[in-house]
Each structure stands twice: as structure tokens, then as C-alpha cells.
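The residues making up each chain are set out below.
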Amino acid sequence: MTRQFHRGSILHFPKATIAPSDNYQYLQDGLLVVEHGLIQHLGDAQDYLDNNPEVQQAVVQHQGLIIPGLIDSHVHYPQVEIIASYGKQLLDWLNTYTFPAEQQFVEAAYARAQAEFFLQQLFAHGTTTASVYATVHPQSVSSFFEVSESYNARMICGKVLMDRNCPTALQDSAESGYHESKKLLEQWHKNGRQLYAITPRFAPTSSEAQLAKAGQLAKEHPDSFIQTHLSENPTEVQWINELFPDYSDYLAVYEAHDLVRERSLFGHGIHLTDREYLALASSGATINFCPSSNLFLGSGLFNYQRAQANGVAVALASDVGGGTSLSMFANQADAYKVCQLQQASLSPFDSLYLCTQGAAVAMGIETQVGNLNVGSEADFIELDLQPTPMLSQRLNKASSLSEKLFAINTLGDDRVINATYVAGKQVYKKGQHYVATAL
Ligand code: GUN
Ligand code: ZN
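Each value, and the rule that gives it
- Residues numbered from 1 in each chain as written.
- Chains lettered and ligands numbered in written order.
- Predicted model: local features only at pLDDT ≥ 70, side-chain atom pairs only at ≥ 80, totals over all residues.
- Heavy atoms only, no water.
- Helix = DSSP H or I, 4+ residues; strand = E, 2+ residues; numbered from the N terminus.
- Expected span 1.5 Å × (residues − 1).
- Buried < 20%, exposed > 50% of the residue type's maximum accessible area, 1.4 Å probe, protein only.
- Polar contact = N/O pair within 3.5 Å; in protein donor to acceptor, adjacent residues only side chain to side chain.
- Patch = residues over 30% accessible without salt bridge, like charges linked within 9 Å, V, L, I, M, F, W, Y side chains within 5 Å.
- Areas by Shrake-Rupley, 256 points an atom, 1.4 Å probe, with all protein chains shown as cover.
- Salt bridge = Lys/Arg side-chain N within 4 Å of Asp/Glu carboxyl O.
- Contact = heavy atoms within 4.5 Å.
- Core = buried A, V, L, I, M, F, W, Y, C linked by side-chain atoms within 4.5 Å.
- Donors = N, O, S within 2.8 Å, 3.2 Å for Na, K, Ca; no water.
- Tetrahedral: all angles 85-135°; square planar, octahedral: opposite > 155°, others 65-115°.

### Observations concerning helix α12 (residues 328-340)
- In a regular helix each residue adds 1.5 Å, so 13 residues correspond to 18 Å; α12 covers 18 Å between its end C-alpha atoms and thus fits that length.
- Those residues of α12 not exposed but buried are M328, F329, A330, N331, Q332, A333, D334, A335, V338 and C339.
- For α12, the N-terminal capping position is held by S327, with its side-chain oxygen 3.0 Å away from the main-chain nitrogen of F329.

### Some details on a nonpolar patch on the surface
- On the surface, a nonpolar cluster with roughly 250 Å² of combined accessible area is contributed by L295, L301 and L341.
- Tracing the sequence through the fold places L301 in the loop between α10 (291-296) and α11 (304-309).

### Considering the environment of V55
- Structurally, V55 is set in the loop between α1 (45-51) and β4 (59-68).
- Discounting residues that sit within four places of it in the chain, V55 has contacts with F5, Y48 and L49.

### Some points on the nonpolar core
- By size, the foremost hydrophobic cluster in this structure holds 108 residues, and its most contacted members are F118, F144 and Y254.
- What F144 contacts, discounting residues up to four positions off in sequence, is Y77, A115, F118, L119, V132, M155 and C157.

### Remarks on the coordination of the zinc ion (ligand 2)
- Protein ligation of the zinc ion (ligand 2) involves H74 (NE2), H76 (NE2), H229 (NE2) and D319 (OD), the donor distances falling in the range 2.1 to 2.2 Å.
- Its four donor atoms give the zinc ion (ligand 2) angles of 92 to 162° at the centre, a pattern that matches the irregular case.
- In the primary sequence, the donor residues of the zinc ion (ligand 2) line up as H-x1-H-x152-H-x89-D. In this pair, H74 sits in strand β5 (residues 70-76) while H229 sits in strand β10 (residues 225-230), placing the two residues 155 residues apart along the sequence. Each of the two residues, H74 as well as H229, counts as buried.

Geometric values such as these leave the question of function open.
Put into C-alpha cells, the structure is as follows:
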């Protein structure tokens, strides 16, 4: 691949920070140079072109705003087809909609078609990295990774582990779940840009034997990810008390089975005790803040301020199909409202950080993605700053970058994405139809 030169307004967060509003880099007229799928240079366009006039011909001028590809730290690809399913809270929603849908992924061809649709939709929504739940079927994971690999996308995925409290068609066993996960992990983790997450669905659907095997696998592969759900819904928490009476709280169940460490990603974390916040912080684990899902399923309000005050790492997530949009802009809008209901304001820089550099730092992948630093992988998107009449008028009236960003975050969805690039290659362009990759 030859060098590419992308010129336009550019915004990103170059480093880890607790104050994103004071630590962003904004170039009004910037130049992003990409070679071999990596960012080779970022700086002022005119300076670069004055020193390298011969590249002028190759420069691509972008009218919109260039930002890093967005990160969705918790999403279920088999649930895209049941997004917007009516009238249930978590446990009934799982039984009524989710478990029936997931049974279809026993067919590899079905899984592959859905993985293709899901990844194309992620790119259309500006997301280039996600931590993804497959189903209990190993072929749902290999299908996903095969499609992701065909786009050279940096994705995290894992086989769901469930050996109880769900339909028998979706059950594995402690032993089979361990061996199937290990095989997938050994095949896919760090294979190109693919990463593996050991994925016990949540404590109610795993026996202690299964959680112990998952913890054993995590110890055997300390650089792998772990993803699961934690304290999402009050009835679920009550069920944990009944299923695991010997443990002090929900997180203690995971701790006892060696599942709480760096690169452990816990979906939701709404109904936590003081002890759980402190234990999460000291372990280096991450909470996935899933605002649209928490509102849609009526699960509760995640207390972002409390998590921050306790030093717990947080990354934003869609949790589709519980969530109602794959757009990390729509999820930023919901995150803002969840904070407002708790008398707190989430700044537009804070929320963008939570689905770019902040998510990458929390997940330990910031040398690869989440920013536009030299040496990072060239995953970036161009935002359309005239996407709809409403947003165009609002942006024209906005005077500061903060005001513009807040309007985009609040009103944006897939319509604000003009183009998406993965490892320097365009994988989505507004108005252009993409044909499925030949596998
Ligand atoms: N808890 C266990 N499984 C799930 C799931 O698929 N979605 C959500 N939102 N919560 C869960
Ligand atoms: Zn989830």
C-alpha cells in the first residue's frame, strides 16, 4: 500500500487522561499520513506540504472532521436482529427474545451472514473496534473472526459459556466450554488483528465448575480478555444471592474464580456496593457503561461519577440488542441523559474519550487503536458536518468546538458518518453500497 495523505480538521486524545476537555489535540487544517496500515505522521497540513511539496498531488481533502474509529466495548452480534424487542426487563427479555435468536447460530452459514451484516453496520456507524459476544456455538466465533479478518479489523470476540439456566440447545459443559474456548483462543488470539475474550455470559448461567474452568483458562492465557455481565438488574442481583449464598456480593463470585483482573470487561455494573467499586479499581478491570441498554431494559442508572471517584476504568458500550443503537453517538447522547438524571454533566470531550482513547486505555489496546498517534493503527472516520437539516443548522450556530461536538454527540447517529477507514483502507463511504467480502 502506498502512502496516503488525509487533509482536514482532526481531533483526538493523544494520551490517557482524567481530564479529556484539557487534553485533546485539534488541528484545524491537519494532515494524517498513513503507510502500511499505520499512522506515520500527524501534524499541520501546510507545514508538512511546505516541506514535502511533491506529495501535494496525492492529498485527499476531507470536508468533515477526522477522528479515531470508535470503540464499542460490549456488544452482542447475534442480537442485532432482535434490537427493539418490546416490553421486557433483563431476565424475561433473555428468555423471550435473546435465547431463541441465539439458537440459530448453530448454523455456520447463518452466523457468517450475520457477522458480515454486523460488521458492515458497525463500520456504517463509525465503529472500528468492538468487544463482541458470539453465542455458545464455537462456529459462531470462527465465523465472526473469519469475516473480521477479511476486513483486517481489530476485533475482540469470544464463545459464550453457559452450562445451566438456559435452553439445553444453548448449553455447553464446564469441560467442553473450556476446551472449545481454548481451541478458539489458541487459533485466533493475536492472529492478525483478532483478539480473544473468555466469555462466561454471567454468573447465573454458569456453574461454579464452569466459572473455575474459565478462570483456569484466563490464568493459562494472561494476555487474553475476559468479558461478562455484572450487576445489571435488581432481580438478577437477587438471583445471584440465591444461587451463590456463600459470596458477599456479585463481584465476589467472579473474584473467587480468578476472573477479575486487567482486561476483564464487566458489562453494566449498576447496582454495586462500595466494596465492589474498590475491588474493581484495584484489579484494573473495566466497567462497560451501556446507557441505551440500561434505559431500554429499565435496568437502572449507571453512576459514572461514583465509578470515576473510585478510580474504576470505564468504557462506553452499545450492548445491542439490549441497546437500541450501534451508534456510539446515540450512546453518548444517552450517557449524557443518564448522568443528567443523577445531577451530573458529562462533557462532550469526556463522552467521546469514553469511546475512543479512554476505552482503548481501559482495555489496554491504546498502542494500537483509539487515537491518531504516530505508530497507531490507521483506524479513523470522517464525520459529515452537514448530515441533516437539523444538525447542519445547529452546527452553523455553534461557536466553539465543544458546542459543535456536543451537538454531534446529542443528535448524531449513522448519518454523521461520511467514511470509515480500517488499517488505512476505506471500508465504508456514505451512499456507496458495499458488497459482502468474498470469503
Ligand atoms: N446478561 C446476560 N446476558 C445478557 C445479554 O445478552 N444482554 C444483556 N444486556 N445482559 C445480559
Ligand atoms: Zn450484554
